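Summary of structural features
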Amino acid sequence: MQQLSATQLKEWLTASTSAGGSGGSPARRRPLLLDVREPWEFELCHLADLTPPAHA
């Protein structure tokens, strides 16, 4: 697991989008973002294009 700052994540997402998602190397592929917050936290604030976390 890798930790990134918000700025680093924005740069990574921008680079992977402009390169068509592949970026040419595994380090630049679009990252898999796993949101583990509660549904109410997701509703309060979330990144675009994410689906709400599934809870049992």
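Up top is the structure.
Quick look at the overall build of the protein now. Within the protein, the secondary structure is distributed over two helices and zero strands. Residues counted as buried form 14% of the 56 residues belonging to the protein. Taking as baseline every contact in the protein between residues at least 6 positions apart, the subset at least 24 positions apart corresponds to 6%. Taken as a whole, the protein presents about 4,800 Å² of accessible surface, with 59% of it coming from carbon and sulfur.

The next thing to look at is the environment of tryptophan 12. Within the fold, tryptophan 12 resides in helix α1 (residues 6-18). It is 8.4 Å that separates the C-alpha atoms of tryptophan 12 and arginine 29, two residues lying 17 residues apart in sequence.

About the cut-offs
- Counting starts from 1 at the beginning of each chain's written sequence and moves along it residue by residue.
- Restriction of local features to residues with pLDDT of at least 70 applies here, the model being predicted, together with a cutoff of 80 or more for giving and counting side-chain atom pairs; totals for whole chains, interfaces and linings are based on all residues.
- Only hydrogens and water are set aside; all other atoms, that is, all heavy atoms of the structure, feed into the side-chain values.
- Secondary structure follows DSSP: runs of H or I at least 4 residues long count as helices, runs of E at least 2 residues long count as strands, and numbering of each begins at the N terminus.
- Buried residues are those whose accessible area, probed at 1.4 Å on protein chains only, stays under 20% of the maximum for their type, while exposed residues exceed 50% and partly exposed ones sit between those limits.
- We call two residues in contact when some of their heavy atoms are within 4.5 Å.
- Note on areas: Shrake-Rupley, 1.4 Å probe, and residue coverage restricted to the protein chains presented here.

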